[in-house]
Amino acid sequence: MSTHPEQPEGFGTQPPPGPAKTPEPSGVDLARVALRAAKEQARARGNAAQQKKQARRGGLRSGARADGRDPLPLGAAINRLITERGWEKPAAVGGVMGRWPQMVGPEVALHCEPQAYDEDARVLTVQCDSTAWATQLRLLAPQLVARLNADLGQGTVKMIKVLGPGGPGRRYGPLRAPGSTGPGDTYG
């Protein structure tokens, strides 16, 4: 006899090791699985047919809903182009050329006109109609650079190159002394 009282059969014993039984899918579950597979196959066939149809027509076409291929208003198209190409700063500087009187005031704008912007050197070239205005603009250049950078973004314009008035066209002819620059000597 054993010292332990007998236990009823199955009590405290573990089932023999083996694969865990998963319940077999019932009729409703089988129907759901079959329906899901049929929908995926139909979707794949539909996509393939749609791609064939689009290829025959010459590519994608715009439909009833808005997408990226629809026409845009001119302003939106230009803004998108400027952003895609990275032309924000050159376009902003070009805007300054158009808003020059508002940036510097009407009196200065009457005598000084922006000519060019060198993007690599970040230099704005301005032409003045007299040497007095050229000198005045050279004195105002630091304040003007600060104002332009506040409007366009820091570091857009590093320097303003001020040009004096252009002299009259040079005439070449028999009454010129060799080496003479003529009336151009007094301009600039």
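All residue numbers refer to positions counted from 1 along the written sequence of the respective chain. Thresholds applied to this predicted model are a pLDDT of at least 70 for local features of residues and 80 or more for the giving and counting of side-chain atom pairs; totals over whole chains, interfaces and linings are not thresholded and use all residues. As a rule here, side-chain values come from all non-hydrogen atoms in the structure, and water together with hydrogens is ignored.

Of regular secondary structure, the protein possesses 6 helices and 3 strands. In sequence order, the protein lays out its α and β elements as α-α-α-α-α-β-β-α-β. For each residue, the accessible area found with a 1.4 Å probe, counting protein chains only, is set against the maximum for its type, and the residue is called buried under 20%, exposed over 50%, and partly exposed in between. Each of the 188 residues in the protein was classed as buried or not, and the buried ones make up 18%. By definition in these notes, contact holds between two residues if any of their heavy atoms fall within 4.5 Å. In the protein, the share of contacts with a sequence separation of at least 24, taken over all contacts with a separation of at least 6, comes to 50%. Each helix is a run of H or I in the DSSP string that is no shorter than four residues. Each strand is a run of E no shorter than two, and both are numbered from the N terminus.

Attention now moves to the pairing of strand β3 (residues 159-163). The alternating pattern of β3 places Ile160 and Val162 on a buried face and Met159, Lys161 and Leu163 on a face that is not buried. Pairing between strands requires that DSSP locate at least two bridges from one strand to the other. Two elements, strand β2 (residues 123-128) and β3, share 5 bridges in a ladder whose sense is parallel. Across the sheet, Leu124 pairs through a bridge with Ile160, a residue of β3.

As a further point, take the side chain of Asn149. Structurally, the position occupied by Asn149 is in helix α6 (residues 131-152). On the basis of relative accessibility, which here comes to 7%, the residue Asn149 falls in the buried class. In protein, a polar contact requires one atom able to donate a hydrogen and another able to accept it; more generally it is a pair of N or O atoms within 3.5 Å, and residues adjacent in sequence count only if both atoms are side-chain atoms. Within the local environment of Asn149, its side chain forms a polar contact with the backbone nitrogen of Val157, the two atoms lying 2.9 Å apart. Residue contacts for Asn149: discarding those within four places in its chain leaves Gln154, Gly155, Thr156 and Val157.

Right, let's talk about the sheet that holds β2 for a bit. One open sheet holds the 3 strands; their spatial order is β1-β2-β3, and the pairing between them is mixed. Each edge of the open sheet is held by one strand with a lone partner, namely β1 (112-118) and β3. The mean inter-strand angle of the sheet, taken between neighbouring strand axes irrespective of direction, is 25 degrees. In this analysis, axes come from line fits to C-alpha atoms, helices being fitted only over the stretch in contact, and the angle between any two N-to-C directions falls in the range 0 to 180 degrees. Sheet contacts for α6: β1, β2 and β3; angle to β3, the most-contacted strand, approximately 160 degrees.

So, on to α6. Bend at a residue means the angle formed by two fitted axes: the first through the 7 residues ending at that position, the second through the 7 residues beginning there. Its axis deflected by about 55 degrees at Ala141, α6 carries its strongest bend there, up to four residues before the proline Pro142. Along α6, the residues that are buried comprise Trp133, Ala134, Leu137, Ala141, Leu144, Val145, Leu148, Asn149 and Leu152. Positive phi appears at Gly153, one or two residues downstream of α6, with a value of about 120 degrees.

Another aspect to go through is the nonpolar core. In this text, buried Ala, Val, Leu, Ile, Met, Phe, Trp, Tyr and Cys residues form a nonpolar core when linked through side-chain atoms within 4.5 Å. Counting 22 residues, the largest nonpolar core has Trp100, Leu137, Leu148, Val157 and Ile160 as its most contacted members. For this core, the elements supplying multiple residues, two or more each, are α4 (100-104), α5 (106-111), β1, β2, α6 and β3. Looking at this core element by element, the count peaks at 8 residues for α6.

This part takes up helix α2 (residues 74-85). Here the expected length of a helix is defined as 1.5 Å per residue gap, with one fewer gap than residues. The first and last C-alpha atoms of α2 sit 16 Å apart over 12 residues, in line with the 16 Å expected at 1.5 Å per residue. Gly86 occupies a position one or two residues after α2 and carries a positive phi of about 75 degrees.

The quantity called pLDDT is the predictor's confidence in a given residue, expressed from 0 to 100. On average, residues of the protein score 75 in pLDDT, and 66% of them are at 70 or above. Taking the mean pLDDT of every element in the protein, the minimum, 67, falls on helix α3 (residues 88-98) and the maximum, 91, on β3.

Turning next to the side chain of Thr125. Tracing the backbone shows Thr125 in strand β2. In this structure Thr125 comes out as buried when scored by relative accessible area, which is 15%. Among all residues touching Thr125, those that are not within four sequence positions of it are Glu113, Pro114, Gln115, Ala116, Lys161 and Leu163.

The next thing to look at is unusual backbone geometry. Of note, the phi angle at Arg122 is positive, near 60 degrees, even though the residue is not glycine. Among the secondary structure elements, Arg122 is positioned in the loop between β1 and β2. Arg122 sits in the partly exposed class, given a relative accessible area of 27%.

Turning our attention to the pairing of β2. Most of β2 is tucked away: 5 of the 6 residues are buried. For β1 and β2, the ladder comprises 6 bridges, and the chain directions are antiparallel. When the sheet's bridge partners are listed, Tyr117 is paired in β2 with Leu124. Counted between consecutive antiparallel strands, the loop separating β1 from β2 contains 4 residues, among which Arg122 sits at a positive phi close to 60 degrees. Handedness of the crossover joining β2 and β3 through α6: right-handed. Handedness of a crossover: with both strands directed away from the viewer, a clockwise path from the first strand across the helix to the second marks it as right-handed.

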